[in-house]
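Here is what each chain is made of, one letter per residue.
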Amino acid sequence: MTISRILVIGGAGYVGSHFSFFAMNNGLDVTVLDNLSKGHKSALRCSQFVQADLLNYDNLLNHLSERRYDAIFHFAASCLVGESVQDPAQYYKNNVIAAFNMLEAMRVTGHDRLVFSSTCAVYGYPKKLPLYEDHPKDPISPYGRTKLTIEWMLEDYNIAYGIRSAQLRYFNAAGCEPDSGLGEDHRPETHLIPNVVRFALNLSDSLTIFGDDYPTRDGTCIRDYIHVMDLADAHLKACAKLDTIPMIRFNLGTGVGLSNLEVVDSVRRISGVNIAPGFGPRRPGDPAELVADASAAQKNLGWKPSRSNLDAIVTEVIKWFSSCPQGYPN
Ligand code: UDP
């Protein structure tokens, strides 16, 4: 099936805006639907923007009744592990109830193709590394549980109602497109790479590495950083794959793990600033190591990350914060 008109839910956010940019560059007609609670107007890359909230079911139903999309890409979510432990209600509402509304509106209006942002947090503590898709799912945070719940909903909606879905389990999304005015701007910022870069550029007063006593090569956590534009590429390929397979689930990572101190070292080398982070206690809910076995996505989608090199990512993030020290203007 030719995909030409798509709806990107959460297209003002970090991954959603980079995906919209990628989709526009690939000639698609992109409508973004976002409530702008976390996203940024200046990150919009689309031919049409609809400000709406998935929690308003009637609104969503009206929109999907009036417009037909070849596929829907769902990025909108609350996505911080620590916050989800403090306030699970927000996560069940913003993630599970919002996704349920979306699925119901899709079902009632006959939209049957969805690409959904899931997460490696569905696995919980790894029993075996790298993590492959059939690894037991035992999420340790409300965030991971909400995403796994939605994966199950998608499975049931596929069997009963024929809604096709690609469920993509991201590892650590990173990098940006500074030359096109797109960056990473979470408020507050909790992610490692932007925090280290902001510290190096004197945009923040302190940098704490959470835990130096993990059973890893340098005592700090190990993560698998995947470039947002590589994620974007995988999304379009996964959408096309739904022509032949009604439901797919893939890890999206590089298969290479990098420690928190290796990230600090990369920022140190590239910025030329001799940053010295402090060390604090472990952050609750952080597994020592999360690395993807991403061979299934590579084999089945014909996808290969091409931009997920740490030094290149750090260079882009430095460029972004140098040009927009306060992030997006709005
Ligand atoms: N981290 C850190 N200091 C920070 C932010 C993150 O030490 O200011 C660590 C965090 O504990 C984890 C790794 O960096 O070990 C990646 O965290 P991030 O929040 O970027 O992504 P997550 O893996 O939680 O999705």
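Worth saying up front: this structure is predicted, and the values here are computed from it rather than measured.

(A) Expanded view of the packing of aromatic side chains. The tally for this structure, following the rule as stated, stands at 6 aromatic pairs. Here the aromatic rings of Tyr91 and Tyr143 are separated by 6.3 Å at their centres, their planes lie at 80 degrees, and the arrangement is edge-to-face. Note that Tyr91 is positioned in helix H4 (residues 88-109) and Tyr143 in helix H5 (residues 142-161), a separation of 52 residues in sequence. Judged on exposure class, the residue Tyr91 and its partner Tyr143 are both buried. Three or more aromatic residues link up through ring pairs in this structure, and these residues are Phe19, Phe73 and Phe75. The positively charged end of Arg282 is found above the aromatic ring belonging to Tyr214, 4.0 Å away from the centroid.

(B) Focus on the environment of Ser206. The topology assignment puts Ser206 in the loop between helix H6 (192-200) and strand E8 (208-210). Put simply, Ser206 and Ile248 are 42 residues apart on the chain and 42 Å apart in space, counted from C-alpha to C-alpha.

(C) Examining the sheet that holds strand E5 (residues 113-119) more closely. The strand order across the open sheet built from 7 strands is E3-E2-E1-E4-E5-E6-E11, with neighbouring strands paired in parallel fashion. Each edge of the sheet is formed by a strand with only one pairing partner; in this case those strands are strand E3 (48-51) and strand E11 (247-252). Looking at each pair of strands side by side, their axes are set apart by 20 degrees on average, direction ignored. Taken together, the 5 bridges between strand E1 (residues 5-9) and strand E2 (residues 29-34) define a ladder with parallel strand orientation. The residue bridging Val8 from the neighbouring strand is Val32, located in E2. Each of E1, E2, strand E4 (71-74) and strand E6 (164-170) touches helix H1 (residues 14-25); the most contacted strand, E1, lies at about 165 degrees to it.

(D) The arrangement of the site of the ligand in detail. The immediate surroundings of the ligand are formed by 14 residues, with Leu192, Thr208, Phe210, Arg283 and Asp286 found nearest. Here Thr208 contributes a backbone N or O atom positioned 2.8 Å from a nitrogen atom of the ligand. For the ligand, the protein covers 88% of the area, taking 520 Å² as the surface of the free molecule. Its residues placed into classes, the shell around the ligand shows 5 nonpolar, 6 polar and 3 charged.

(E) Structural view of the packing of helix H8 (residues 260-271) against helix H10 (residues 310-323). Contact geometry of H8 with H10 gives a least axis separation of 9 Å together with a crossing angle of 60 degrees. As the angle between them shows, H8 and H10 are arranged oblique. Here H8 and H10 pass one another in a crossing that is right-handed. Residue-level contacts link Glu262, Val263, Ser266, Val267, Arg269, Ile270 and Ser271 of H8 to Leu310, Asp311, Val314, Thr315 and Ile318 of H10. Considered class by class, the residues forming the contact of H8 with H10 number 6 nonpolar, 3 polar and 3 charged.

Conventions used here
Residues numbered from 1 in each chain as written. Predicted model: local features only at pLDDT ≥ 70, side-chain atom pairs only at ≥ 80, totals over all residues. Heavy atoms only, no water. Phe/Tyr/Trp six-rings, centres within 6.5 Å; stacked < 30°, edge-to-face > 60°. Helix = DSSP H or I, 4+ residues; strand = E, 2+ residues; numbered from the N terminus. Buried < 20%, exposed > 50% of the residue type's maximum accessible area, 1.4 Å probe, protein only. Lys NZ or Arg CZ within 6 Å of the ring centre and 35° of its normal. Pairing = 2+ DSSP bridges. Axes fitted to C-alpha atoms, helices over the stretch in contact; angles between N-to-C directions. Contact = heavy atoms within 4.5 Å. Near = heavy atom within 4 Å. Polar contact = N/O pair within 3.5 Å; in protein donor to acceptor, adjacent residues only side chain to side chain. Areas by Shrake-Rupley, 256 points an atom, 1.4 Å probe, with all protein chains shown as cover. Nonpolar A, V, L, I, M, F, W, Y, C, P; charged D, E, K, R; others polar. Parallel < 35°, antiparallel > 145°, perpendicular 65-115°, else oblique. Left-handed = near helix turned anticlockwise from the far one by under 90°.

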